[in-house]
Amino acid sequence: MEYKRVAITDKAIKILNQLKEKHGELIFHQSGGCCDGSAPMIFEEGDMYLDDSDILLGKLEGVNYYMNQDQFEYWKHTHLTVDATEGRGSSFSLEIPFGVRFIIHSRLLTDEENSHFNK
Amino acid sequence: MSYSKPKFKEGYENFINGKFVAPIGGQYFDNTSPIDNSLIAKYPRSQKEDVDSAVVAANAAKEAWGNTSAAERAGMLNKVADLIEANLEEFALVETCDNGKPIRETLNADIPLSIDHWRYFAAVIRAEEGSATELDANTLSMNIKEPLGVVAQIIPWNFPLLMLSWKMPPALAAGNCVILKPAEQTPSTATLLLEKIAEIFPPGVINIIHGFGPEAGKPLASHSGVDKVAFTGETTTGQLIMQYASKNLNPVTMELGGKSPNIFFNSVMDEDDAFLDKAIEGAVLFAFNQGEVCTCPSRLLVQEDIYDAFMERVVARTKAIVQKNPYDVNTMVGAQASNDQYEKILSYINIGKEEGAKVLTGGEACKLDGEFSNGFYVQPTILEGHNKMRVFQEEIFGPVLSVTKFKDEAEALEIANDTLYGLGAGVWTRDAHQLYQIPRAIKAGRVWVNCYHAYPAHAPFGGYKKSGFGRETHLMMMNHYRQTKNMLISYDKNKLGFF
């Protein structure tokens, strides 16, 4: 069985596809902190400087999903699903002009998933 | 007493080079009120070319503005303060409508504090001096403070006018021109302010650009025509802005949030007196401003031997919070600032429950009746758990408190510092040793001791760790907006003798 840390809803895929059409190659980065933090942000590939401290959680429709390793330490026992909701964040995330925001729904990893990822 | 929704024009414009101007591309977005999800007005959806024109205007104005006297600049800052004060109720009402916070907060906190920050920096530049040192009998080292030039400022939506008033006065006082982008959720009070103060400053000194982060914020933060970027927001955007600034070798200041511990030692319950009453309120301050505060005391740490008795009172006080029409002066907690915030907060409450946190009160959306049924309200919520849970580690930016207990000082400190952030903290005790030693051992830029959520001008505010750097609301912010010109003067008539 294939295990995944991240998933995406159909609603979010639709927006993701629109963004791909407009901007080309993209990445997700999970933000932390104030205001619009603790939300996934999406940028053109190459816009954000990434290195070994950014953990690749998985690929969503071909788009890499990253999180800083410090934050990952507190998140690694949970499974994330990217969804979209009406709203208006104020970050540089590319979906904002559409009047929608990507949002994360989380659940605990199952015992099997946990022993696969965090053994 | 209750107010009602204020009147707005159909649409508003950017403020560039001393005038209100339409966005070059002609696009606008609808700004809505989170109180009832109703339309407020249309605001410019600015693009790079609008930012370019503000940068041109600011650069054209910077030399003359940088050469004005401190007395002139201070006079203008004081005039701004007077105009906000003369229209305090109007500003408060517009802020409540745009952000969703209760009117008693805007009337008594947001707007009065904003006024004071303008006055504070007007006073600072009249009193401060440069420095001069006689290095030897014939050599004088003289330090003159010079403005950077053009400053870009990007502010959040949780305290719209107050965040503007933290950022703009020190930059202007230091002699810089400013281009400020308000958050797209809350553009109204910045616009109202410029309507009141447009005549005070020369054209180009203050510029306001509305719009979305990727379309207007990014071109502003990465512009080679600005000399500094100041940002309040979250970590990913913070990293991006630092990256863009590195291309221009520009300085930045960052305020990026926190997960602030609020620590109550057992001595707070030694007496059932006014101080204990204050301490209980101090724990319930997590619900202040709907929890949409970078320093929200969102992690409550209580010593185990008073835990049950203390929490009984905290829960009772939380249940007594009045959450209804934000325009009513008796309302204590209003609406979250936007639908996506509302959804995010509810999603965090869910993961908290899933991780095994116990809901002591709240835990759900708050459904209001009538026109408010379309607004974004969340019940003040207390979750009991442990510090490794995600609700203890991530900034939820909602009225959600995560509580846990500790045995002794060492454990309190271990939990308090087990976080990526270091913006604020609270320490409550009657023990004189703890009053000093515990705050010193906490890795955070602001530790409130036997109080919380006070933000007076003249007390520096800023973060450790991933909460950022730079110190606002204090005269030391001036140096984040200035260069030091060192003049090294020789009074020696004799040559060195090398050549």
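Residues numbered from 1 in each chain as written. Chains lettered and ligands numbered in written order. Predicted model: local features only at pLDDT ≥ 70, side-chain atom pairs only at ≥ 80, totals over all residues.

**Some remarks on the overall build of chain B**
Regarding its fold elements, chain B presents 14 helices and 22 strands. The C-alpha radius of gyration of chain B comes to 24 Å, within 12% of the 23 Å expected for a compact globule of 499 residues. A principal-axis box enclosing the C-alpha atoms of chain B has dimensions of 80 × 60 × 40 Å. In chain B, the share of contacts with a sequence separation of at least 24, taken over all contacts with a separation of at least 6, comes to 71%. (Helix = DSSP H or I, 4+ residues; strand = E, 2+ residues; numbered from the N terminus. Rg over C-alpha atoms; globule rule 2.2 N^0.38 Å. Contact = placed C-beta atoms within 7 Å.)

**A short note on the confidence of the model for chain B**
Residue-level pLDDT values for chain B average 97, and 100% of them are 70 or greater. Both confidence scores are given for the complex: pTM 0.96, ipTM 0.93. (pLDDT = per-residue confidence, 0-100.)

**Considering the interface of chain B and chain A**
Contacts between the two partners involve 40 residues from chain B, matched on the other side by 37 residues from chain A. Sorting the residues of the side of chain B that touches chain A by element identifies α7 (213–221), α8 (235–248), α11 (339–354) and α12 (390–393) of chain B as the ones contributing at least two each. At 7 residues, the largest contribution of residues to the side of chain B that touches chain A is made by α11(B). A breakdown of the residues in the side of chain B that touches chain A according to their chemical character gives 13 nonpolar, 14 polar and 13 charged. (Nonpolar A, V, L, I, M, F, W, Y, C, P; charged D, E, K, R; others polar.)

**What to know about the nonpolar core**
Formed by 146 residues in total, the largest nonpolar core has its most connected members in B:Ile179 and B:Phe264. Within the second largest apolar cluster, 26 residues are counted, among which are A:Leu57, A:Tyr65, A:Tyr66 and A:Leu94. (Core = buried A, V, L, I, M, F, W, Y, C linked by C-beta atoms within 7 Å. Buried ≥ 20, exposed ≤ 12 C-beta atoms within 10 Å, placed from the backbone.)

**Observations concerning the environment of B:Asn67**
Structurally, B:Asn67 is set in the loop between α1 (48–66) and α2 (70–86). In the structure, B:Asn67 is positioned 108 residues away from B:Gly175 in sequence and 7.5 Å away in space, judged by C-alpha atoms.

**Overview of the packing of helix α3 (residues 88–99) of chain B against helix α6 (residues 188–197) of chain B**
Residue and element names in this part refer to chain B. Running from N to C, α3 and α6 cross one another at 155 degrees; their axes reach a closest spacing of 9 Å. It follows that α3 is roughly antiparallel to α6 by the angle criterion. Together, Phe 91, Val 94, Glu 95 and Asp 98 of α3 and Ser 188, Thr 189 and Leu 192 of α6 make up the contact between the two elements. (Axes fitted to C-alpha atoms, helices over the stretch in contact; angles between N-to-C directions. Parallel < 35°, antiparallel > 145°, perpendicular 65-115°, else oblique.)

**Regarding the pairing of strand β13 (residues 299–303) of chain B**
All names here are of chain B. Across the 5 residues of β13, 5 count as buried, placing the element largely inside the fold. As defined by bridge partners, strand β12 (residues 261–264) adjoins β13 across 4 bridges and the pair is classed as parallel. Each residue of the ladder has a partner; that of Asn 262, found in β13, is Leu 300. Between the parallel elements β12 and β13, the chain passes through helix α9 (residues 274–284) in a crossover that is right-handed. In terms of strand pairing, β13 meets strand β16 (residues 400–406) through 5 bridges, oriented parallel. In the strand pairing of β16, Leu 300 is matched with Val 403. (Pairing = 2+ DSSP bridges. Right-handed = clockwise from strand over helix to strand, strands pointing away.)

**A few points about the sheet that holds strand β7 (residues 100–108) of chain A**
Strand pairing in a sheet relies on backbone hydrogen bonds, with the paired strands running either antiparallel or parallel. All names here are of chain A. One open sheet accounts for 3 strands, arranged β1-β6-β7; its pairing is mixed. Among the strands making up the open sheet, the edge pair consists of β1 (6–8) and β7. Pairwise comparison of adjacent strand axes, ignoring direction, gives a mean angle of 25 degrees for this sheet. With 9 bridges joining them, strand β6 (residues 78–86) and β7 adopt antiparallel strand pairing. Its bridge partner lying in β7, Thr 78 is registered against Leu 108.

**Thoughts on the sheet that holds strand β19 (residues 446–449) of chain B**
All names here are of chain B. Read across the open sheet, the 7 strands follow the order β14-β15-β16-β13-β12-β18-β19; overall the sheet is mixed. For this open sheet the edge positions go to β14 (358–361) and β19, each flanked by a neighbour on one side alone. Along the sheet, successive strands turn relative to each other by an average axial angle of 25 degrees, direction set aside. Examined bridge by bridge, strand β15 (residues 381–384) and β16 share 4 bridges and lie parallel to one another. Within the sheet, the bridge partner assigned to Leu 383 lies in β16 and is Ser 402. Across the face of the sheet, helix α10 (residues 307–319) comes into contact with β12, β13, β14, β15 and β16 while running at roughly 60 degrees to β14. Along the sheet, helix α14 (residues 432–441) makes contact with β12, β18 (424–428) and β19, crossing β19 at roughly 165 degrees.

**Overview of the environment of B:Asn486**
All names here are of chain B. Topologically, Asn 486 is positioned in strand β22 (residues 482–490). Considered as a pair, Asn 486 and Lys 145 are 341 residues apart in the sequence and their alpha carbons are 8.7 Å apart. Here Asn 486 is in contact with Ser 141 and Asn 143, once residues within four sequence places are set aside.

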